[in-house]
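Residue strings, one per chain:
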Amino acid sequence: MHQEFNLDNLNIEKNENPHPKPTPETNLGFGKYFTDHIFTATYKRNQGWHHFQVKPYSHLHMDPAACVYHYGQALFEGLKAFKQHDGKIAIFRPEFNSKRINAGCQRLDMSEIPSELFVESIKKLVSIERDWIPEGNGKALYIRPTLVGTEGFLGVRPSDEYLFFILLSPVGSYYTSGAKSVRIWVETDEIRAAPGGLGAIKAAANYASSLHAAAKQKKNGFDQVLWLDAITKDQIEEVGTMNVFFVLKNEIVTPALNGSILPGGIRECTLKILRDWKMPIVERPITMTELVSAYKKGEFKEMFGTGTAAVITPVGELMYKDLPMMLEANDSSLSSKLYKEFTNIQYGVIPDRYNWLTFI
Ligand SMILES: *Cc1c(COP(=O)(O)O)cnc(C)c1O
């Protein structure tokens with residue numbers, strides 16, 4: 001069903017009890033604060049997308065039999081809006097997230113969100129909440145578009161009704177005092193995703209399957225876990241919220257997309273930048289066996305993760321079985337150069353040479 005979207009006559013219900021905004025001193029963290037309004041849109045099989053609303057942030061009202069509660073039809077996205085040094089507001093690649101959520105809709109048999117609706121609703125909500133965008137390096141307004149099946153019906157089939165909503169959360173820098181490197185545990189028992197499964201889409205279900213191992217290793221002092229492939233448990237896939245890159249003696253490697261790795265936006269941009277910098281970057285399968293052997297020969301130089309939340313995260317330690325692999329991360333590391341490049345583009349310090357920014 002093709003639909004035209006005109007969000008000009010969007011129904012806006014103002015929040016009469018707005019929250020005080022965080023001050024520049026507030027430790028924002030990640031996802032702790034939410035703005036005063038959300039965007040919602042409703043889909044019904046025979047009506048298409050309708051009922052576009054901006055309304056006060058509040059609890060959602062849903063049928064206890066809603067598909068999402070029982071059969072987990074849920075997808076989400078994550079992107080950011082930045083307040084640039086000259087006051088302009090830039091959203092990083094919303095079209096990319098629009099395509100990715102729709103790829104998820106196909107796999108989970110959910111109603112796709114027309115890209116116009118996706119992008120325009122984000123722009124509208126961010127514009128209404130512009131005073132919530134924190135200023136300063138590393139700070140941003142995190143945008144969380146979410147799609148859930150809402151039909152109240154316990155028969156097992158895809159929902160005929162959906163709710164699309166967008167939350168906004170001012171977030172801080174992961175790098176309060178320079179690049180903080182993380183400790184990663186290589187998970188050899190549980191798996192996150194399998195071939196033919198949901199790993200390549202941003203389904204809430206992938207997070208459900210990853211929380212247990214991550215929480216367990218958190219108690220042991222690790223920040224996140226690195227997931228291996230479901231079959232050989234040797235091929236490296238990714239971290240729960242980040243794609244990974246390895247700097248080896250003669251090349252930079254990131255695991256090739258294999259159907260169970262989430263195709264990250266920052267991963268795609270990192271590949272582009274590294275190719276432009278004429279660095280020896282390759283996408284190919286890479287195993288723990290190879291990595292351990294490179295480490296023992298002193299040829300495993302650096303590892304970092306890529307993802308919207310922290311952009312580039314250097315890894316200081318990778319723990320595999322009983323071998324802790326200790327890695328360097330300092331100002332001259334590749335991760336540090338990439339982090340600077342990304343933030344310079346996002347905050348408008350250097351020209352947006354790839355057209356990654358959408359201004360509102
Ligand atoms: C969201 C996500 C990423 C990072 O994707 P970006 O688009 O770069 O933010 C990586 N891995 C998983 C499993 C994710 O859900």
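Residues numbered from 1 in each chain as written. Predicted model: local features only at pLDDT ≥ 70, side-chain atom pairs only at ≥ 80, totals over all residues. Heavy atoms only, no water.

## What about the overall build of the chain?
- Helix and strand content of the chain: seven helices and 18 strands.
- Against the compact-globule benchmark of 21 Å for 360 residues, the chain has a radius of gyration of 21 Å, which places it among compact chains.
- The principal-axis extents of the C-alpha atoms in the chain amount to approximately 65 × 50 × 35 Å.
- The buried share of the chain, taken over its 360 residues, is 52%.
- In the chain, the proportion of contacts linking residues at least 24 apart, taken out of those at least 6 apart, comes to 70%.
- Put simply, the chain shows about 16,600 Å² of open surface, and 52% of that area lies on carbon and sulfur atoms.
- Separation between the mean location of the 40 positive side-chain charges and that of the 41 negative ones in the chain comes to 4 Å. (Helix = DSSP H or I, 4+ residues; strand = E, 2+ residues; numbered from the N terminus. Rg over C-alpha atoms; globule rule 2.2 N^0.38 Å. Buried < 20%, exposed > 50% of the residue type's maximum accessible area, 1.4 Å probe, protein only. Contact = heavy atoms within 4.5 Å. Areas by Shrake-Rupley, 256 points an atom, 1.4 Å probe, with all protein chains shown as cover. Lys, Arg positive; Asp, Glu negative; His and termini not counted. Charge placed at Lys NZ, Arg CZ, Asp CG, Glu CD.)

## Quick notes on the nonpolar core
- In terms of nonpolar packing, the biggest core is built from 35 residues, with Phe39, Trp49, Leu75, Val126, Ile143, Leu147 and Phe164 touching the most fellow members.
- Going through the elements one at a time, strand S2 (37-44), strand S3 (48-56), strand S5 (79-83), strand S6 (89-92), helix H2 (94-108), helix H3 (115-128), strand S7 (140-149) and strand S8 (161-171) are the ones with two or more residues in this core.
- The element contributing the most residues to this core is H3, with six residues.
- Not counting residues within four places of it along the chain, the set of residues in contact with Phe164 comprises Phe39, Thr40, Ala41, Trp49, Ile113, Phe118, Ser121, Pro145, Thr146 and Leu147.
- In this structure, Tyr142, Ile281, Leu338 and Tyr354 belong to the second largest nonpolar core, which totals 27 residues. (Core = buried A, V, L, I, M, F, W, Y, C linked by side-chain atoms within 4.5 Å.)

## Some thoughts on helix H7 (residues 334-346)
- Helix length check: H7 (13 residues) gives 18 Å between terminal C-alpha atoms against 18 Å at 1.5 Å per residue, within 8%.
- Counting buried positions along H7 gives 10 out of 13 residues, so the element sits mostly inside the fold.
- Every buried residue belonging to H7 is among Leu334, Ser335, Ser336, Leu338, Tyr339, Glu341, Phe342, Thr343, Ile345 and Gln346, and all of these are buried.
- Within two residues after H7, Gly348 carries a phi angle of roughly 75°, on the positive side. (Expected span 1.5 Å × (residues − 1).)

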